[in-house]
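Observations on the three-dimensional arrangement
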Amino acid sequence: MKVDRYFSAGLTGLKIMRENILKAAQALKNSRHTVVFTGAGISVESGISPFRGPDGLWSKYDPGLFHRGYFRENPETCWKLIKEIFFDFIGKAEPNAAHHAIADLEKNGCVHAVITQNIDNLHQEAGSAHVLEYHGAIRNLCCTACPERYPRQDISLAVLPPVCPACGGILKPDFVFFGDPIPEEVNRLSGQEAKDAEVMLVVGTTGQVMPASRIPYVAKEFGATVIEVNVAESDYTPRITDIFLRGKAGEILAPLARAVIEGE
Ligand code: NAD
């Protein structure tokens, strides 16, 4: 009896999920401008830990180590961690089914921009063309003393911290540290995309990192339907989410993209 009850609850859950995926697919088909907003959760199935939660990077590392002031004072210590976390580890990850689903939606004209908080380059590796990297990316290093920028692979990390070949200044990864401002251009373009969105698809983000977390609220304020994919409720869920798809990003976005593109 007990087993039956759970079994039927499971079936009901599956039916609701399927209905929600179809509802989300319909909203995506009807939308003339769809923007995807992603956070660390979309890359979990690629083997990259998020920051928060029991297996998050912050359970292993002190977030204070990634403050711009700490970097300025302790570039060598900070660089050892940066190399270990971001270049030795994240640099080897590959896009998963969720990144591919978003790229397929874009190729079929159903996604117009991706705004990502991630620095891992996996949207582009999956084939997404219009990606706004709100927090920068691991692809380049920039000089802290002059305007030079270098592709990561052109600079040796054998001796840390790496220095600028042009002026000898200390190089920093070209992503946003705590305390760094958001690059003006990406901030402006992301705000515009949020305002233009008829649908905003929010994937794998807690909504707790300011100012990036404001983007879905702006979209909602300007009339967008908010579809959210996450394994757990986020700060957005009770406030602005219209359709909540609970589950792993890859497991939800792959059937969602098929339903939109192939009309399944
Ligand atoms: P977060 O670490 O605060 O939260 C991750 C979110 O993903 C949570 O809501 C969690 O429930 C959800 N999640 C976990 N596994 C998931 C899965 N398989 N499918 C769908 N959702 C899943 O991440 P955040 O809110 O994006 O913000 C943290 C900051 O961390 C961002 O600024 C981002 O730049 C940075 N970050 C980036 C990377 C990366 O580049 N891959 C990795 C870690 C952190």
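Residues numbered from 1 in each chain as written. Predicted model: local features only at pLDDT ≥ 70, side-chain atom pairs only at ≥ 80, totals over all residues. Heavy atoms only, no water.

**Comments concerning the overall build of the protein chain**
- Across its full length, the protein chain carries eight helices and nine strands.
- Taken over C-alpha atoms, the radius of gyration comes to 20 Å for the protein chain, in line with the 18 Å a tight globule of 264 residues would show.
- Dimensions along the principal axes, computed over C-alpha positions, put the protein chain at roughly 65 × 45 × 30 Å.
- In the form shown here, the protein chain has an accessible surface area of approximately 13100 Å², with 53% of it arising from carbon and sulfur atoms.
- Counting 27 positive and 32 negative side-chain charges, the protein chain places the centres of these two groups 4 Å from one another. (Helix = DSSP H or I, 4+ residues; strand = E, 2+ residues; numbered from the N terminus. Rg over C-alpha atoms; globule rule 2.2 N^0.38 Å. Areas by Shrake-Rupley, 256 points an atom, 1.4 Å probe, with all protein chains shown as cover. Lys, Arg positive; Asp, Glu negative; His and termini not counted. Charge placed at Lys NZ, Arg CZ, Asp CG, Glu CD.)

**A short note on the environment of I215**
- Within the element layout of this structure, I215 appears in helix α7 (residues 214–221).
- When the C-alpha atoms of I215 and S190 are compared, they prove to be 7.4 Å apart, with 25 residues separating the residues in sequence.
- Sequence-distant contacts of I215, that is, excluding residues within four places in its chain, are made with F37, I115, Y134, S190, A194 and M200. (Contact = heavy atoms within 4.5 Å.)

**Remarks on the packing of helix α6 (residues 184–196) against α7**
- One can describe the packing of α6 onto α7 by two numbers: an axis separation of 7 Å at closest approach and a directional angle of 35 degrees. The hand of the α6/α7 crossing is right-handed. For the pair formed by α6 and α7, the contact residues are S190, G191, A194 and K195 on the first element and I215, V218 and A219 on the second.
- Across the contact of α6 with α7, the residue classes tally to four nonpolar, two polar and one charged. (Axes fitted to C-alpha atoms, helices over the stretch in contact; angles between N-to-C directions. Left-handed = near helix turned anticlockwise from the far one by under 90°. Nonpolar A, V, L, I, M, F, W, Y, C, P; charged D, E, K, R; others polar.)

**Comments concerning the environment of G64**
- If you trace the backbone, G64 turns up in the loop between β1 (34–38) and α2 (68–73).
- Overall, G64 belongs to the partly exposed group, its relative accessible area being 35%.
- Distance in space between the C-alpha atoms of G64 and F177 is 9.9 Å, their sequence separation being 113 residues. (Buried < 20%, exposed > 50% of the residue type's maximum accessible area, 1.4 Å probe, protein only.)

**Structural notes on the site of the ligand**
- Taken together, 25 residues lie around the ligand, and A40, R52, Q117, D120 and N230 are the ones closest in.
- N230 places a side-chain nitrogen or oxygen 2.7 Å from an oxygen atom of the ligand.
- Between the ligand and the protein, one listed contact pairs a nitrogen atom with a backbone N or O atom of A249 at 2.9 Å.
- The protein chains hide 92% of the 850 Å² of surface that the ligand would expose on its own.
- Looking at side-chain class alone, the shell around the ligand contains nine nonpolar, twelve polar and four charged residues.
- Of the residues that make up the shell around the ligand, three or more belong to each of domain 1 (1–48 + 95–135 + 183–264) and domain 2 (49–92 + 138–175). (Near = heavy atom within 4 Å. Polar contact = N/O pair within 3.5 Å; in protein donor to acceptor, adjacent residues only side chain to side chain. Domains from an automatic or database assignment.)

**Concerning the domain arrangement of the protein chain**
- Looking at the protein chain, the domain boundaries give domain 1 (1–48 + 95–135 + 183–264) and domain 2 (49–92 + 138–175).
- Between domain 1 and domain 2, the contact holds 13 residues from the first and nine residues from the second.
- Here domain 1 packs against domain 2, burying approximately 970 Å² in sum over the two surfaces, 59% of which is carbon and sulfur.
- Our enumeration of links across domain 1 and domain 2 arrives at one salt bridge. (Buried area = accessible area lost by both parts, 1.4 Å probe. Salt bridge = Lys/Arg side-chain N within 4 Å of Asp/Glu carboxyl O.)

**Examining unusual backbone geometry**
- A cis amide bond, omega -5 degrees, links L160 with the succeeding residue P161.
- With respect to the helices and strands, the residue P161 is situated in the loop between β5 (149–151) and β6 (171–175).
- Non-glycine residue N121 carries a positive phi angle of around 70 degrees.
- Mapped onto the fold, N121 is located in the loop between β2 (113–116) and α5 (122–126).

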